[in-house]
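# Architecture at a glance
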Amino acid sequence: MASSTMHAVGVAQYGAIANLQSREVPKPSKPTGREMLVQVKAISVNPIDMKVRAGTYDDPPDYYERVKSLLQEPPHFHIIGYDGAGIVLETGPDVKYFKPGNEIFYLANPVKQGTYAEQVLVDERHAGHKPGCVDFVQAAAMPLTYATAYESLVNRLEIKEGEKAAILIINGGGGMGSIASQIARYVCKLPVVITTASRPETIAYTKKMGATHVVNHREDIVKQIRALNLPADTPLKYAYITSRTEQYLFPIAEVIAPFGKICSIVQAKFDMYGSQMMGKSLTFSWCWLASGAYHHYVNDQEEKHHDWYEQLGQYLGDGTIKCHLMQRLKATAEGIREAHRILDAGTAIGKMALGVDEPGLEEAFC
Ligand SMILES: NC(=O)c1ccc[n+]([C@@H]2O[C@H](COP(=O)([O-])OP(=O)(O)OC[C@H]3O[C@@H](n4cnc5c(N)ncnc54)[C@H](OP(=O)(O)O)[C@@H]3O)[C@@H](O)[C@H]2O)c1
């Protein structure tokens, strides 16, 4: 008889990386509605994983209130992880895009049990068919960063394809910047994509991932951007902040064109007073990928996420977008702790992902 339990990695108490432990927990319940039960083949790590694990996640202020039942009720264990790739085992009664046996990549619901487990429940609206040109580990690296960057650039900044405009992307070498720069250059087809990076390896990487110009975020970015002398017919209309919003907002407001748009995905406390935000009639927007689902906001946006993942599969297939996986690890408790240590150091380049079939003696999620 099939076992009713599985191995998973998570925390019984939020805190240090050492709190990430393997446990034997009940397998997920039968999928309902548009849920699918998935056999996990690979996961990737993102900064949200670290923040949730540490107990410091504050994108929505009531996050820990919303997930408190995970620790208060059996199994008293919060399985971390949002990105994944795997095989559909069973579909809920309302699933229309997938069937058992399909190979998929997906984003798990941040208020439910996560992807660092042998099996996970996933909503089909947050999944796409895994394209054949990438393996499970590469596929698991993509969903969260691609969908966030797409939502930010296309829906929040409202960049029009082929516009004669420039964008500035803060932190071009990170997981987010390395996909946002490709969307800006090859999907939105902007002629000028300025990114920031500070080390030779991140500078080289961001150029490979679509940057037309790179400035150093450890030096005066206002001076460096002015020195680029962008042509008058290609104004800096857009800025995308993927690191330290409070540090970059004033300099960006200084160099962006009047009526420009700035989007940030990094929570921060800051004051716009004293900046050029009003003087230039600038628009500032946040982007948090989970906003619709988290607030049960009913519109067509959730359905579109599925379309984005299917389109990403096509972009990967035809070479429009390159997978930004830079490091592969085995999906064990120690592999996951190692990935958190690397992310914590703030020096990650592109993405790290962990596969259940990567070489190593330990069993997956043990
Ligand atoms: N709102 C959302 O829905 C959402 C979704 C995804 C991610 N996020 C957030 O986006 C942020 C970035 O995520 P990520 O995965 O791209 O991070 P990441 O991969 O960990 O970024 C690593 C890079 O950060 C750069 N960096 C370090 N200090 C910096 C600074 N002071 N200024 C600019 N860059 C700096 C480093 O580049 P150098 O070595 O070149 O300095 C490093 O290579 C995280 O805070 C994450 O939580 C939000």
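Treat the numbers as computed from the prediction; the structure is a model and nothing was measured.

### Overview of the overall build of the protein chain
- Of regular secondary structure, the protein chain possesses 12 helices and 16 strands.
- For 366 residues, the compact-globule estimate of 2.2 N^0.38 gives 21 Å, and the C-alpha radius of gyration of the protein chain, at 20 Å, lies within 12% of that figure.
- In the protein chain, the share of contacts with a sequence separation of at least 24, taken over all contacts with a separation of at least 6, comes to 73%.

### Some thoughts on the sheet that holds strand E2 (residues 21-26)
- One open sheet holds the 3 strands; their spatial order is E2-E1-E4, and the pairing between them is antiparallel. Since the sheet does not close on itself, it has two edges, and those belong to E2 and strand E4 (78-79), each with one partner.
- As paired strands, strand E1 (residues 5-11) and E2 are joined by 6 bridges and run antiparallel to one another. When the sheet's bridge partners are listed, His7 is paired in E2 with Glu24.

### What to know about the domain arrangement of the protein chain
- Per the domain assignment, the segments making up the protein chain are domain 1 (5-142 + 296-355) and domain 2 (145-286).
- For domain 1 versus domain 2, the distance between C-alpha centres works out to 27 Å.
- Contacts between the two partners involve 16 residues from domain 1, matched on the other side by 17 residues from domain 2.
- No other element matches helix H11 (residues 301-318), which puts 3 residues into the side of domain 1 that touches domain 2.
- The residue inventory of the side of domain 1 that touches domain 2, partitioned by class, reads 7 nonpolar, 5 polar and 4 charged.

### Notes on the sheet that holds strand E13 (residues 261-264)
- Judged by pairing direction, the sheet is parallel, and its 6 strands sit side by side in the order E11-E10-E9-E12-E13-E14 without closing on themselves. Of all the strands in the sheet, just strand E11 (213-215) and strand E14 (283-286) have a single pairing partner and so form its edges. Here the strands of the sheet are splayed against their neighbours by 20° on average, with no regard to which way each runs.
- Where E13 lies against E14, 4 bridges are found, and the strand directions are parallel. If you follow Lys261 over to E14, its bridge partner there is Thr283.

### Considering the nonpolar core
- Among the nonpolar cores identified, the biggest contains 107 residues, and Ala42, Ala140, Leu153, Ile167 and Tyr240 are the most heavily contacted of them.
- Of the residues that make up this core, three or more belong to each of domain 1 (5-142 + 296-355) and domain 2 (145-286).
- With residues up to four places along the chain from it excluded, the contact list for Ile167 reads Ala184, Leu190, Val193, Tyr238, Ala239 and Tyr240.

### Digging into helix H7 (residues 200-208)
- Taken as a whole, H7 has its buried residues at Thr202, Tyr205 and Thr206. Along H7, the residues classed as buried sweep out an arc of 95° about the axis, all on the same side.
- Looking at the buried residues of H7, the elements they touch are helix H6 (177-187), strand E10 (192-196) and E11.
- Looking one or two residues past H7, Gly210 carries a phi angle of roughly 115°, positive in sign.

### Here's the deal with the site of the ligand
- Residues in contact with the ligand amount to 32 residues; listed here are only the nearest, Pro47, Gly174, Gly175, Met176 and Thr202.
- Every element with two or more residues in the shell around the ligand is listed here: helix H1 (47-54) and helix H5 (143-156).
- Across the shell around the ligand, the residue classes break down as 14 nonpolar, 15 polar and 3 charged.

Analysis parameters
- Per chain, residues are indexed from 1 in the order of the written sequence.
- With pLDDT at 70 or above as the cut-off, local features in this predicted model cover only qualifying residues; side-chain atom pairs require 80 or more to be listed or tallied, and sums for whole chains, interfaces and linings still use all residues.
- Every helix listed is a DSSP run of H or I at least four residues long, and every strand listed is a run of E at least two residues long, numbered separately from the N terminus.
- For this measure, only C-alpha atoms enter the radius of gyration; the expected value for a globule follows 2.2 Å times N^0.38, where N is the number of residues.
- By the convention adopted here, residues make contact when the C-beta atoms placed from their backbones lie within 7 Å.
- When DSSP finds at least two bridges between two strands, those strands are taken to pair.
- Domain delimitation follows an automatic or database domain assignment.
- Gly is placed with the polar residues, together with every amino acid not listed as nonpolar (Ala, Val, Leu, Ile, Met, Phe, Trp, Tyr, Cys and Pro) or charged (Asp, Glu, Lys and Arg).
- In this analysis an axis means a line fitted to C-alpha atoms, helices contributing only their contacting stretch, and an angle means the value between N-to-C directions, from 0 to 180 degrees.
- Put simply, a nonpolar core is buried Ala, Val, Leu, Ile, Met, Phe, Trp, Tyr and Cys residues tied into one set by C-beta atoms within 7 Å.
- For the exposure call, what matters is how many other C-beta atoms sit within 10 Å of a residue's own: 20 or more marks it buried, 12 or fewer exposed, and in between partly exposed, using C-beta atoms placed from the backbone.
- To obtain the arc, one takes the directions from the helix axis to the C-beta atoms.
- Using the backbone to place each C-beta atom, any residue with that atom within 6 Å of a molecule or strand is considered near it.

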